[in-house]
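Tertiary structure, described
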Amino acid sequence: MLQAQKYYFRKKGFWENYFALGRKNYFQGGVGRFAGQREGMKKTEGIMEERRDCMMEAEGSEMRAEVREKKRKWLPFNDGEKAYYFSQLLLILVCIGFLAVTGCSAKSGTTGDVIAEETATYTPSDFHFTGGTGRVQITCPEVTKDGDTYTAKLVFDSKNYQYIKVGGKQYDRDASSGEDNSIFFVPIEPDKDIKVMGLTTAMSTAHEIEYTIFVSSVGTEVAAGEATVEFGGGDEETGGLGLAAGVTFADPENLAGLTYEKKMDLSYARGFAVHYYKEGYKLIEVFDSAQYLLVPEGKEVPEGISKDIVILQQPLDHIYLAATSAMSLFFAMGGQDAITLSGTDASGWHIEGPGEAIKAGKMQYAGKYSAPDYELMVGSGCDLAIESTMIFHSPDVKEKIEELGIPVFVDASSYEMEPLGRTEWIKLYGAMLDKEADAEAFFADQDKKVKATIEAVQKNADKTGKTVAVFSLTTSGTVTVRRSDDYIPRMISIAGGKYIFDNLTSDSRGGTQTISMEEFYSTASDADFLIYNATIEMPLKDLDDLKGKDGLFADFKAVQEGNVWQIGKDLYQATDIVGQMTEDLHIMLTGGDESGMTFLEKLK
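Along each chain, the written sequence defines residue order, and numbers are assigned to residues from 1. Totals for whole chains, interfaces and linings use every residue, but because this is a predicted model, local features are given only for residues with pLDDT of at least 70 and side-chain atom pairs only at 80 or more, for both listing and counting. Only hydrogens and water are set aside; all other atoms, that is, all heavy atoms of the structure, feed into the side-chain values.

1. Section: the overall build of the chain
- Segments assigned H or I by DSSP are reported as helices when at least four residues long, segments assigned E as strands when at least two residues long, and all are numbered from the N terminus. Within the chain one finds 18 helices and 27 strands.
- For each residue, the accessible area found with a 1.4 Å probe, counting protein chains only, is set against the maximum for its type, and the residue is called buried under 20%, exposed over 50%, and partly exposed in between. For the chain, the proportion of its 604 residues judged to be buried stands at 51%.
- In the chain, 61% of the contacts between residues at least 6 apart in sequence involve partners at least 24 apart.
- Element-wise, carbon and sulfur atoms account for 48% of the exposed surface of the chain, whose accessible area totals about 28,100 Å². Contact between two residues is taken to exist if any of their heavy atoms lie within 4.5 Å; hydrogens are not considered. Note on areas: Shrake-Rupley with a 1.4 Å probe; residue coverage comes only from the protein chains shown.

2. Details of the environment of Phe127
- Take Phe127: it is sitting in strand β2 (residues 127–131).
- The spacing of Phe127 and Pro141 is 14 residues in sequence and 9.2 Å in space, taken between C-alpha atoms.

3. Structural notes on the sheet that holds strand β20 (residues 408–411)
- If DSSP finds at least two bridges between two strands, the strands pair. In space, the 5 strands of this open sheet follow the order β18-β17-β16-β19-β20, with parallel pairing throughout. In the strand order of this sheet, the two ends are held by β18 (364–365) and β20, each with one partner.
- Inspection of the sheet shows strand β17 (residues 339–342) paired to β18 by 2 bridges, in the parallel sense. Within β18, the position partnered with Leu341 by the bridge is Gln364.
- Axis angles are defined between N-to-C directions and span 0 to 180 degrees, where every axis is a line fitted to C-alpha atoms and, for a helix, only to the segment in contact. Across the sheet, helix α10 (residues 395–403) lies against β19 (384–388) and β20, angled at about 140 degrees from β20, the strand it touches most.

4. Some words on the nonpolar core
- The definition of a nonpolar core used throughout is a set of buried Ala, Val, Leu, Ile, Met, Phe, Trp, Tyr and Cys residues joined through side-chain atoms within 4.5 Å. Counting 61 residues, the largest nonpolar core has Ile319, Phe330, Ile386, Phe409, Trp425, Tyr429 and Met432 as its most contacted members.
- Residues contacting Trp425, with those up to four places away along its chain left out, are Ala269, Gly271, Phe272, Val286, Leu329, Phe409, Asp411, Ala412, Ser413 and Glu416.
- In terms of nonpolar packing, the next biggest core, distinct from the first, is built from 47 residues, Phe471, Leu473, Ala534 and Trp565 among them.

5. A look at the pattern of salt bridges
- Whenever Lys or Arg places a side-chain nitrogen within 4 Å of a carboxyl oxygen from Asp or Glu, that contact is recorded as a salt bridge. In the structure shown here, the tally under the stated rule is 17 salt bridges.
- With a shortest N-O distance of 3.3 Å, Glu208 and Lys165 are connected by a salt bridge. Of the two residues, Glu208 is situated in strand β9 (residues 207–215) and Lys165 in strand β5 (residues 161–166); the sequence distance between them amounts to 43 residues.
- Note on Glu208: relative accessible area 30%, which makes it partly exposed.
- One salt bridge in this structure joins Asp434 and Lys282, with 2.5 Å as the shortest N-O distance. Placement of the pair is Asp434 in the loop between α12 (425–432) and α13 (436–459) and Lys282 in strand β13 (residues 282–286), with a sequence separation of 152 residues.
- We classify Asp434 as partly exposed; its relative accessible area is 49%.
- One connected set of salt bridges, linked through shared partners, spans Lys282, Asp434 and Glu436.

6. Notes on the sheet that holds β13
- Read across the open sheet, the 5 strands follow the order β11-β12-β13-β14-β15; overall the sheet is mixed. Bordering the open sheet on either side are β11 (260–263) and β15 (309–313), each of which pairs with just one other strand. Sheet twist, expressed as the average angle between the axes of neighbouring strands with direction ignored, equals 25 degrees.
- Bridge analysis of β11 against strand β12 (residues 272–277) gives 3 bridges, and the strand direction is antiparallel. Looking across to β12, one finds that Tyr260 is bridged to Tyr277.

7. Quick look at the environment of Asp373
- Turning to its location among the elements, Asp373 is positioned in the loop between β18 and α9 (374–379).
- Look at Asp373 and you get partly exposed, because its relative accessible area is 35%.
- Sequence separation between Asp373 and Leu341 is 32 residues, and the spatial gap between their C-alpha atoms is 9.9 Å.
- Excluding residues within four positions of it along the chain, Asp373 makes contact with Ala366 and Gly367.

8. Structural notes on the packing of helix α7 (residues 324–332) against α12
- Contact pair α7 / α12: the axes reach a minimum separation of 10 Å and the direction vectors enclose 65 degrees. Both α7 and α12 take part in a crossing whose hand is right-handed. Touching Ala326, Leu329, Phe330 and Ala332 of α7 are Trp425, Ile426 and Tyr429, all from α12. Crossings are classed by handedness, with left-handed meaning an anticlockwise turn of the near helix from the far one by less than a right angle and right-handed meaning a clockwise turn.

9. Observations regarding the packing of aromatic side chains
- When two rings of Phe, Tyr or Trp (its six-membered ring) have centres within 6.5 Å they constitute a pair, described as stacked for plane angles under 30 degrees, edge-to-face for angles over 60, and tilted for the intermediate range. Counted under the stated rule, the structure contains 20 aromatic pairs.
- For the pair Phe129 and Tyr211, a centre-to-centre distance of 6.0 Å together with 65 degrees between the ring planes defines the contact as edge-to-face. Placement of the pair is Phe129 in strand β2 and Tyr211 in strand β9, with a sequence separation of 82 residues.
- You can call Phe129 buried: its relative accessible area is 1%.
- Relative accessible area serves as the criterion here: at 1%, Tyr211 is assigned to the buried category.
- For the ring pair Tyr292 and Phe409, a centre distance of 4.7 Å and an interplane angle of 55 degrees mean the geometry is tilted.

10. Digging into helix α18 (residues 578–590)
- A helix is expected to span 1.5 Å multiplied by its residue count minus one. The end-to-end C-alpha distance of α18, which contains 13 residues, comes to 19 Å, matching closely the 18 Å that a straight helix rising 1.5 Å per residue would cover.
- Across the 13 residues of α18, 12 count as buried, placing the element largely inside the fold.
- Among the residues of α18, those classed as buried are Val578, Gly579, Gln580, Met581, Thr582, Asp584, Leu585, His586, Ile587, Met588, Leu589 and Thr590.
- Where α18 ends, the next residue or the one after it, Gly591, has phi of about 70 degrees, a positive value.

11. Digging into unusual backbone geometry
- In the segment running from Gln314 into Pro315, the intervening peptide bond is cis, with an omega of 5 degrees.
- With respect to the helices and strands, Pro315 occurs in the loop between β15 and β16 (319–321).
- In this model, Asp191 sits at a positive phi of 65 degrees, which is unusual for a non-glycine residue.
- Mapped onto the fold, Asp191 is located in the loop between β7 (182–188) and β8 (193–200).
- Judged by its relative accessible area of 24%, Asp191 is partly exposed.
- Despite not being glycine, Glu279 shows a phi value in the positive range, around 70 degrees.
- Here Glu279 shows up in the loop between β12 and β13.

12. Thoughts on the pairing of β13
- With 5 of 5 residues buried, β13 lies mostly within the body of the structure.
- Burial along β13 is two-sided: Lys282, Ile284 and Val286 facing one way and Leu283 and Glu285 facing the other are all buried.
- Summarising the sheet, β12 and β13 pair through 5 bridges and their orientation is antiparallel. Bridged to His275 within β13 is Leu283.

13. Considering the environment of Ala322
- Along the polypeptide, Ala322 turns up in the loop between β16 and α7.
- Overall, Ala322 belongs to the buried group, its relative accessible area being 13%.
- If sequence neighbours within four positions are ignored, Ala322 has contacts with Gly343, Tyr369, Ile386 and Glu387.

Rendered as structure tokens:
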């Protein structure tokens, strides 16, 4: 037997045999890890079978003779006892490799939300970043979770990044980087904003640039040979909102137990659809996120409805609303009485209505989205929680609310690129409350206002084309600007202006980008108008206040000509009156009557 073991290992070669067990594939990680484990297990069975055959072959006289003849050439010693222990050591190593393949990593869930217990590799359901110059994009195609440790693969679409620093520790550019990117593997703390410093050599001298990244702790498992569920990147019809994974969408026109009638007409919104059925049933789709079946009061849930469809039992008259942008839509259609719990206290509301309702006791503050008052929600009979996409940063909260028997609806109106697309979500909430006619009437009025602005722009063509920069200043001295594909630049275009950052786009979520003051100066110093975004930072008192924050502003054309304006904090909460904002912008661009403005204020 000993001679057969020696022959087998000499014939196969130790490392060839060892890696054949799948150990190499296991440590390569990433997409190949799980496939490597499975393949390694198959190879192990074959190797063991081959080993038995080989040993039987070695029992023959001819093989034993060959083993004896070449024994000294293979082993560095020929002492029988040492050779015996060495061969046993090799067998132990083989066993360790086999255990690593079959038993050292916990099973993960199938493609869908990650439910890893020990080790798993997944594509995060939410990754976004701010900072940088706007010319370099960062992606996070995968995160490896090993116990409580998360390691993110960060890909910069520039070959010039040499290292990044996280928490003061430096991580060098990985050897797997290509000719057009820089790849880094760094440990991260998920579900939190993380400061990252990246060294780039693209400039005349090496320069560190600051970014803030966010990586979620959940996502889609990466497995070789299986298609991963895509987050976002959808098509022209759905808008590719990409908010959740693992959801199987039912065909609205062939829903079990229901007779299809029609689909809601929409003019601008691309993120949702509403389908109508006989007997008052309705299906709401938030594309790439979820489907919600509205069941009329007194009606039963039809048999055979997919478990992936969220059931909303009408009447919905005890709603907890944490998505602040949706509140104004409920007030606009007269549905505010359905909101009994607010995720924002009275002092946090900058629009008329909800603050007063809380003070009057018609609405109660039930804690913010990430820390709601569960006891109050249950005790008050809450029948629906309306959350913004921020809830995906606190998945445990969403899960807890659902465990209490309260369905969660996620508002994704902030991802609409068209300004009126955000406002058109009033039709969705109208469907929830059976107030479609009120919602449609209000939206038609806003649509009319925007079209009137477009007509005015055409009549004043000689005053159009002036450049505008929208920005705010951070406490660290950087500048936050709107991306060119955001809805505010779109409103500027409708009003007859030209957003000066016309190529500032990104695949990541959010409508803003953080750049240095020097970069902002190089692009916006010649802008005809500056609009300070006080919805993000504290409002400015006057022009001197702006110049006091950075002396460079004294050289800006708009500052010198007195064309600096400010947006108040109520804009983001007032999604119901987008038409007024386009009117304000047109008045600003054409030098009209400032007294008729709703959102803009000129700094003196």
